[in-house]
Amino acid sequence: MADHHVVIDNLVKTYPGAQKPSVDHVSFSLPRGEMLALLGPSGCGKTTILRMIAGLIAPTSGAIRLEGKDVSSIAVYKRNMGMVFQAYALFPHMTVAQNISFGLEMRKVGRAEREERVRKALDLVKLTGLGDRKVSQLSGGQQQRAAIARSLVIEPELLLLDEPLSNLDAKLRDEMRDEIRDIQARTGVTAIFVTHDQDEALSMADRLAVMSAGRLEQVGTPREIFDRPQTEFVASFIGAGTFFEGQVAEPGLAVVEGLKSLRFVGEAPVGSTVKLMIRPHRLVLADSAGQPNSFTGTVEHIVYRGQILTLNIRCGGRLLQADLPTHAGVLPEKGDEVTLAVAAQDVTLVGQVAP
Amino acid sequence: MSAAALPAAETSPANASRGILLMLLLPGLIALVITFLLPLIWLLRASFASSTMGALSGGDWTVQSYSTVLFDPFYWRVAWNTLVLGFNVAIFAVILSYPIALFLARTESRFRGVLTALAVAPLLTSSVVRTYGWMVILGDRGVINSTLQSLSLTGGVIRLTNNSLGATVALIEILMPYAILAMLSGFGRLNTQLEEAAAMLGANRLRVFTRIILPLSAPGVLTAALLVFVLAISSFVTPRLMGGGRVFVLGTEVFNEATVTLNWPLAAALSVMLLILFSSIILLYQRALRALET
Ligand SMILES: Nc1ncnc2c1ncn2[C@@H]1O[C@H](COP(=O)(O)OP(=O)(O)OP(=O)(O)O)[C@@H](O)[C@H]1O
Ligand SMILES: [Mg+2]
């Protein structure tokens, strides 16, 4: 961790006049070449973290280290980081090529080399031949690409992207998602991107840092975050799920009110109250009600969604959400009594309630 | 106009809405014709009349006034003085207003509204009053001269009024609020995010200013320069009072011909010259603006 390329160490930001810090002791790190997504609801402090890393605002406390060196005292224009702004911030009085060339000019790169590198950058983002266009003559997606080219051509230590896809329509967003991922992989640049879209984060990033109200909730691979959420916030923010509260009767077994006992994976002291979560797609149709970790209830609501069938099952006074693959044999109908089962490792411990 | 461009729109609802549009425009059009177009036509007509003391003779047409204006070197000098005054005032008013306007446009202070109001508050007083203010400051026995003398820094009086220097100084200050307002409205393309983007790409403060702020604020600066220039070359009160009758510009000459010499056709011809000057400047301005914005 300490020898990681980028290390964010106990970063705090309290805006002047604010009572609570907008970013509260956040630490994470990235090895070289990794793409990390900073994910969280609106106002949780994602942009603030990004701007502190960029040097656009000063942290209240904490350190940002690049290759082990604290960059806090280095001015923005010397940090050598690339930034793609949400609204792109392309210079309207310059052509696309001039925009991309700007960072190279600031670095006093010679004219011939500049032209060569601009051309390569345009190729990289598939804007070949559009260098002479005015920024206003580009479509939204093309502006996005130009902004990426502009921040990559300077070969930054770190690439920062603030909600890079939020200004694009749905179709273009999917396309640019792969595109950005691809460009990042090809250039091998270490990158942090901010988003509040979980799909985007899960599909683009090597790892996710999930935030809530200025605090870091969990850092992990998409899989870890999705399958092993460590807090209730992460579990509910990412993906759907049904939550239960239960008393631990013996290690790995909790008694849930109105249901039978639930087997789960995770450490919790006997007697404590735990929060458990089951993802809808982890539930399967079971034959008999006698199985462990099974629920019997009536189907209250059905939504057919092509590949999956989403069921709401009334079971012991609570509503359970289940996604069944539509090829799973005989499908239940509304009003049917069904029994569903779940494996113990798919019952996730997401938190403990203080006794 | 747009209705005519679209054949499909040539239906009765479109015609009806055009009728309503015309009706809505009518009061304004009538007012414009009465207060602007008719006097302008009358001015043109008057400039071609032969000069009879204090009145306009009837039906005759002559280019006598124009030949006077064009062949008398005095009027050439007046035109030149006017242009020089206009340029000086425009340049200095813009230079002095630019930092203020830039600050007002970029500040995130919550007093921004108050500060903007303060910057343009001088518009609330008449320019006559402010010209008198400048006479008090710059006059032979004014604040500056009496201070310098009581400190024995100068032997005699430094002439700051009754010359074009005084008129220029006073006009600069009087027209600055207009320059600030024009710039503020022309700074729409300025945007802190662009400055941040430039900084992220390695531009220091100076480079951000020369490469981003300056070019993006150029249209506002140009508009302000034009406005101040036009107001300066058409000014009358300030050059008249600050110049003490020794500063001859088109504004003061029109006044002189009309009220002192009572040569109305000549006054009209001079006004037409001034109008031609305006029009050519505005044409130049539009060209420059288009060049800046594309
Ligand atoms: N310049 C500022 N001055 C004071 N408070 C600010 C400032 N910028 C942001 N904040 C506050 O800090 C908190 C975090 O803001 P931030 O912009 O980092 O959120 P975000 O996670 O990027 O949200 P979004 O997804 O909406 O962009 C918010 O509560 C916001 O009100
Ligand atoms: Mg944000």
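In this numbering scheme, every chain counts its residues from 1 along its sequence in written order. Whichever chain is written first is A, and whichever ligand is written first is 1; the rest continue in order. In keeping with the predicted nature of the model, local features appear solely for residues at pLDDT of at least 70, side-chain atom pairs appear and are counted solely at 80 or more, and the whole-chain, interface and lining totals rest on all residues. The basis for every side-chain value is the complete set of non-hydrogen atoms in the structure, without hydrogens or water.

## Some thoughts on the overall build of chain B
Selection criterion: Numbering goes from the N terminus for both helices and strands, where a helix is a DSSP run of H or I of at least four residues and a strand is a run of E of at least two. Radius of gyration here uses only the C-alpha atoms, and the compact-globule reference equals 2.2 Å multiplied by the residue count raised to the power 0.38. Working definition: with a 1.4 Å probe on protein chains only, accessible area under 20% of the residue-type maximum means buried, over 50% means exposed, and in between means partly exposed.
Per the secondary structure count, chain B includes 13 helices and two strands. Its C-alpha atoms give chain B a radius of gyration of 24 Å, clearly above 19 Å, the size a compact globule of 294 residues would have. Projected onto its principal axes, the C-alpha positions of chain B cover 80 × 70 × 35 Å. Counting only residues that meet the buried cut, chain B has 35% of its 294 residues in that class.

## Regarding the UniProt feature "transmembrane region" (unreviewed entry) in chain B
Residue and element names in this part refer to chain B. We count it as follows: UniProt positions are given in the numbering used here, feature names are shortened, and annotations may be inferred rather than shown by experiment.
The positions that UniProt labels "transmembrane region" (unreviewed entry) are, in the present scheme, residues 20–44, 78–105, 117–137, 165–187, 208–233 and 264–285. From the first C-alpha to the last, residues 165–187 spans 31 Å; its make-up is 96% helix and 0% strand. The distance separating the terminal C-alpha atoms of residues 208–233 is 35 Å; by composition the span is 100% helix and 0% strand.

## Considerations on the interface of chain B and chain A
Definition in use: Working rule for contacts: check all heavy atoms of both residues, and any pair within 4.5 Å makes them a contact. Note on terms: buried area is the combined drop in 1.4 Å-probe accessible area of two parts once they are placed together, counting the loss on both. A carboxyl oxygen of Asp or Glu within 4 Å of a side-chain nitrogen of Lys or Arg is what we treat as a salt bridge. Counted as a polar contact is a pair of N or O atoms within 3.5 Å, where, for protein atoms, one must be capable of donating a hydrogen and the other of accepting one, and residues adjacent in sequence contribute only when both atoms are in side chains.
Counting residues at the interface gives 18 residues for chain B and 25 residues for chain A. Summing both sides of the interface, chain B and chain A together bury roughly 2,000 Å²; the carbon and sulfur share of this comes to 68%. When the buried area of chain B at its contact with chain A is split by residue, M200, L201 and R211 of chain B rank highest and sum to 39% of it. Linking chain B with chain A are two salt bridges. Note that R211 of chain B and E105 of chain A form a salt bridge whose closest N and O atoms lie 2.7 Å from each other. Applying the counting criterion to the chain B and chain A interface returns four residue pairs in polar contact (both at pLDDT 80 or more).

## Thoughts on the domain arrangement of chain A
Residue and element names in this part refer to chain A. In plain terms, the rule: An automatic or database domain assignment is the source of the domain bounds shown.
You can read the domains of chain A as domain 1 (4–236) and domain 2 (249–350). Taking only C-alpha atoms, the centre of domain 1 and the centre of domain 2 are 39 Å apart. Of the roughly 780 Å² buried between domain 1 and domain 2, counting both surfaces, carbon and sulfur atoms make up 42%. When the buried surface of domain 1 facing domain 2 is broken down by residue, F226, R228 and E232 rank first, second and third, together holding 55% of it. Of the charged contacts in the structure, one is a salt bridge between K275 and E232, with a shortest N-O distance of 3.0 Å. In this assembly, domain 1 and domain 2 are joined by six residue pairs in polar contact (both at pLDDT 80 or more). Elements with a contribution of two residues or more to the side of domain 1 that touches domain 2: helix 7 (222–227) and helix 8 (232–237). Per-element tally for the side of domain 1 that touches domain 2: the top contributor is helix 7, with three residues.

## Let's talk about the site of ligand 1
All names here are of chain A. Using the following cut-off: Only a single heavy atom is needed: when it lies within 4 Å of a molecule or strand, its residue is near that molecule or strand. Every accessible area reported is derived by Shrake-Rupley at a probe size of 1.4 Å, with residue values counting cover from the shown protein chains alone.
Inspection of the region around ligand 1 gives Y15, S22, S42, G43, C44, G45, K46, T47, T48, E163 and H196 as its neighbouring residues. For ligand 1, an oxygen atom lies 2.8 Å from a polar atom in the side chain of S22. The separation between an oxygen atom of ligand 1 and a polar side-chain atom of T47 is 2.5 Å. Protein contacts shield 56% of the accessible area of ligand 1, which totals 630 Å² for the unbound molecule.

## Focus on the UniProt feature "domain: ABC transporter" (unreviewed entry) in chain A
When the UniProt feature table is mapped to this numbering, "domain: ABC transporter" (unreviewed entry) covers residues 6–238 of chain A. Secondary structure over residues 6–238 of chain A splits into 36% helix and 24% strand, and the C-alpha atoms at its two ends are 26 Å apart.

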